[in-house]
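# Notes for the structure review
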Amino acid sequence: MGSEDEGEEGDDASDDGEVDEFPEIDTRSDTDEEDDDEDESEEDEESEEDEDEDESDASEDSLHVWPKPKTVISDITGQPKRVYPDIEPDYDSDSSTDDTPNRVGNVPMHWYDDLPHVGYDINGKKVLRPARGDELDKFLKTVEDPESWTSAFDKKMQADKPLTSEELDIIRRLQENENPDASYDPYEPTVEWFTGKGKEEVMPLSAAPEPKRRWVPSKWEKQKVMKIVRAIRQGRILPNKPKTASTQPQFYPIWNEEPSTGPAPPPAPKPRLPGHAESYNPPEEYLPTPEERAQWEATDPEDREREYLPQKYAALRLVPAYDNFIKERFNRQLDLYLAPRVQRVKLQIDPESLIPKLPSPSSLRPFPVYKSLQVPHDGVRTRAISVSPDGAWVVSGDESGVVRLFEVIVGKEVKRWTFKGKVGCVEWCPRTDVSFFVVGVEGHLHFIIPPNLPGPVFTATQHALAPAALPPAPATPSPVKWNSVPASQSSSDSPILTLSLPASAEPPKQLVWHRKGDYVASVSEGQGGVWIHQVSRRHSQAPFKKVKGTVQLVLFHPTKPHFFVATQRYVRMYNLAEQTLLKTLTPGIRWISSMDVHPSGDHLIVGGYDRKLCWFDLELSDKPYKILRYHSRALRSVAFHPTYPLFASSSDDGSIQVFHARVYNDLMTNPLIVPLKILRGHAVREGLGVFAVRWVPRQPWLVSAGADGQVAVWCS
């Protein structure tokens, strides 16, 4: 009834248009549970608890253990409330003092090289790049601040960050290859964990449970076993091969077995059919003579044309058993057994196509082909020859000390000089305004003026070799002595100038002129035997204090200030202007005997006693571009023609090889080397042949000197 009355009253109120007021919310309650039947006693208890909390808050404020809160008015409830400061998300008790404002993360810092900032802080604001001084400021900082070396560059902040003492100690330990941990003791005593009474190990080292495979059968082993069982059932595997009753070998024809697949094998080689020579009664022309029989018996069995000699019998019943029957049957079986079973395809290559296409020698003329004249030296070995720059005169010297001067065209001897000792070398000066040559004889170099010279040339030669006013002596004295005869007293019968070299048991073996004719280099036996003499200053100097190996030959470069020095196995090229070693050529020759440089200066030929002639391209490599082996004995001399594309080599086999050597200006085109002619005219004496070859400058003619004491001129 009460409820119905209340409902009626509610209906009346709604009908009147009046709305009941919403009950007031108690803001002091902090829980979600609301009790409708709270009495005043509970409110009193809550007020007492609030007073206790206020007292505790006052005591906490006095201790300052936690951050002090602020009391603010809530916008929602309108009541005061406590607000604590925000907790820092990156707070760390170990690094609370290190605040890194740059929060770009692990990104390449070179992205910010062109920007005024180096990153962003936690609030998204730009972190500007700190000012950095130049190298001078850094240096001054290291001078003024003694602690500047204890800092390291921080890439994120773009600034120097000081290192702590612990970090410096770690760096020092790493530099000294020590343990970075300062508390680590490498010599601490060993702790005996399992040694002694009562310390025996009674527990396993591992607490892992026993694997399942220890008691469960393996399925993989089961599959392998079943695979073998199936093979046995199918007959592919025989456990025990049954033994056959007969153990005798089985024979079968290997040539009659047809293969299942593939082409048929080639037939067996057929034996050679007999001819008339195999007859027991051959014709008379097949029977050998006693001389042929003796020759056949003296020849080795593998070199004989036939394995037997024909014999004649009157009747077939008189023919004895064949001596080589068993041997021939055995060889026949070997032919059948070792016959090839595979059909090999023969390569159809024309042998002519493997030979390089070279031009015909007749199209490469002119070159020397015959001996025009011959000048004897009374059978004495002639080792040295030289041709004048105009190509009209030849001077030669032999081991008896005789030097001859004769004309190239007619071979007439004009003058003869005799020296005491062997003539090791002669060389004509390349200058055209003067005319003289140098003779090397046992420690001396004699400068000789030939006879029948024109007046101006003779005067210029005297002035060059014996000037009226001698040049001043060099500051450093030289062991080489210069002795000259006054121009008024000089004659063509004796040397006008003589150089005395340091003592040597052998005469100089080579003389080489510089292209300008002022410097001449001499090579003698022994260490330090290379000397360069300057005629205008009358000064001699040794370019090398010490050379690896014994110097065999030297050469001046035709266009550059380069100097070639050949030892027993190597050729070194020096720059005289810079006094440096440019390169070392390796010809691969056991003993170098001769060399010459091309007039262009880009190519070099080297000859050796092991019959090799090596062509070097100086711009290409330090290894030979081409190696020629045309001589059967040691090479003695090689020479390039100064104007024609020719070069020649002489050997102890008594022959002279003439080659066509065309060098192209195009660096991509290889030189053309064609053998042209073999000149034979010198006799071999005591194993020695042609010692020297020289070209006539203005003609394709060649001059040679040999051990037979002959000097020959070869013309085209």
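No experiment lies behind these values; they were computed from the predicted model shown. (Residues numbered from 1 in each chain as written. Predicted model: local features only at pLDDT ≥ 70, side-chain atom pairs only at ≥ 80, totals over all residues. Heavy atoms only, no water.)

As a further point, take a nonpolar patch on the surface. A grouping of L136, F139, L140 and V143 is seen on the molecular surface, where their side chains present a nonpolar patch of about 400 Å² in accessible area. Tracing the chain through its elements places F139 in helix α3 (residues 135-144). (Patch = residues over 30% accessible without salt bridge, like charges linked within 9 Å, V, L, I, M, F, W, Y side chains within 5 Å. Areas by Shrake-Rupley, 256 points an atom, 1.4 Å probe, with all protein chains shown as cover. Salt bridge = Lys/Arg side-chain N within 4 Å of Asp/Glu carboxyl O. Helix = DSSP H or I, 4+ residues; strand = E, 2+ residues; numbered from the N terminus.)

The next thing to look at is empty space enclosed by the protein. This structure, assessed with the given rule, holds two cavities of 30 Å³ or more. There is about 40 Å³ of room inside the largest cavity. Surrounding the largest cavity, R611, K612, L613, L628, R629, Y630, H631, L635, S649 and F659 form its lining. Split by residue class, the lining of the largest cavity holds five nonpolar, two polar and three charged. (1 Å grid on protein atoms, 1.4 Å probe; cavity = no way out; pocket = protein on both sides within 12 Å on 5 of 7 lines; lining within 4 Å. Points joined across faces, edges and corners; volume = space filled by probe spheres on them. Nonpolar A, V, L, I, M, F, W, Y, C, P; charged D, E, K, R; others polar.)

Bringing helix α5 (residues 219-234) into the picture now. Helical geometry note: an α-helix holds 3.6 residues per turn, so side chains three or four residues apart project in the same direction. The first and last C-alpha atoms of α5 sit 22 Å apart over 16 residues, in line with the 22 Å expected at 1.5 Å per residue. A small share of α5 lies buried, amounting to one of its 16 residues. Two or three places before W220, at the opening of α5, S218 has a side-chain oxygen 3.4 Å from that residue's backbone nitrogen. (Expected span 1.5 Å × (residues − 1). Buried < 20%, exposed > 50% of the residue type's maximum accessible area, 1.4 Å probe, protein only. Polar contact = N/O pair within 3.5 Å; in protein donor to acceptor, adjacent residues only side chain to side chain.)

The next thing to look at is the sheet that holds strand β19 (residues 530-534). Reading across the sheet, the four strands line up as β17-β18-β19-β20 and stay open at both edges, with antiparallel pairing between neighbours. The open sheet is flanked by β17 (510-513) and β20 (539-541), the only strands paired with a single partner. Ignoring strand direction, the axes of neighbouring strands in this sheet form an average angle of 20 degrees. One ladder, built from three bridges, connects β19 with β20; its direction is antiparallel. Its bridge partner lying in β20, Q534 is registered against H539. (Pairing = 2+ DSSP bridges. Axes fitted to C-alpha atoms, helices over the stretch in contact; angles between N-to-C directions.)

Judged by pairing direction, the sheet is antiparallel, and its four strands sit side by side in the order β8-β9-β10-β11 without closing on themselves. Looking at strand neighbours, the two that pair on one side only are β8 (382-387) and β11 (413-418), the edges of this open sheet. For this sheet the average axis-to-axis angle between neighbouring strands, irrespective of direction, equals 15 degrees. Pairing of β8 with strand β9 (residues 393-398) involves five bridges; the strand directions are antiparallel. The residue of β9 that forms the bridge with S386 is V395.

Glancing now at the environment of K516. Considering the arrangement of structural elements, one finds K516 in the loop between β17 and β18 (519-523). Along the backbone, K516 and R431 are 85 residues apart, and their C-alpha atoms lie at a distance of 6.6 Å.

Here we take up the pairing of strand β13 (residues 437-441). Most of β13 sits out of view: five of its five residues are buried. Two strands pair when backbone bridges link them, and strand β12 (residues 423-428) and β13 are joined in this way by five bridges, in the antiparallel orientation. Residue pairing across strands places E427 opposite V438, the latter belonging to β13. In the sheet, β13 pairs with strand β14 (residues 444-448) via five bridges, with the strands oriented antiparallel. Paired with G440 across the two strands is L445, which belongs to β14. Between β13 and β14, which pair antiparallel and follow one another directly, the connecting turn spans two residues, one of which, E442, has a positive phi of 40 degrees.

Let's shift gears to the packing of aromatic side chains. With the rule as written, the count across this model stands at 13 aromatic pairs. For the ring pair F640 and F647, a centre distance of 5.6 Å and an interplane angle of 55 degrees mean the geometry is tilted. With a relative accessible area of 8%, F640 lands in the buried category. Among the aromatic residues, ring-to-ring pairing joins W615, Y630, F640, F647 and F659 into one connected group. Between R304 and the ring centre of W296, over which it is positioned, the NZ or CZ distance is 4.0 Å. When the ring centre of F691 is taken as origin, the NZ or CZ atom of R383, which lies over that ring, is 4.4 Å away. (Phe/Tyr/Trp six-rings, centres within 6.5 Å; stacked < 30°, edge-to-face > 60°. Lys NZ or Arg CZ within 6 Å of the ring centre and 35° of its normal.)

Any two side chains of opposite charge can pair, so long as their charged atoms come close to each other. Summed over the entire model, instances satisfying the criterion amount to 19 salt bridges. Between R173 and D169 there is a salt bridge, with its nearest N and O atoms 3.1 Å apart. Of this pair, R173 and D169 both sit in helix α4 (residues 165-175), four residues apart, which is roughly one turn of the helix. Overall, D169 belongs to the partly exposed group, its relative accessible area being 24%. For R404, the salt bridge identified is with D378, shortest N-O distance 3.3 Å.

Of all hydrophobic cores here, the largest spans 29 residues; its most connected members are V554, F563, F564, V571, M595, L604 and V606. The residues touching V571, leaving out its near neighbours within four places in the chain, are F564, V565, A566, K583, T584, L585, I592, M595, L604 and V606. Formed by 21 residues, the second largest nonpolar core is a distinct cluster that contains L465, L497, L499 and W531. (Core = buried A, V, L, I, M, F, W, Y, C linked by side-chain atoms within 4.5 Å. Contact = heavy atoms within 4.5 Å.)

On average, residues of the chain score 82 in pLDDT, and 85% of them reach the 70 mark or higher. Ignoring residues within four places in sequence, the model shows residues 53-64, a span with pLDDT below 50, making six contacts including any to other chains. For the stretch residues 91-98, pLDDT sits under 50, and the model shows one contact to residues farther than four places along the chain or on other chains. (pLDDT = per-residue confidence, 0-100.)

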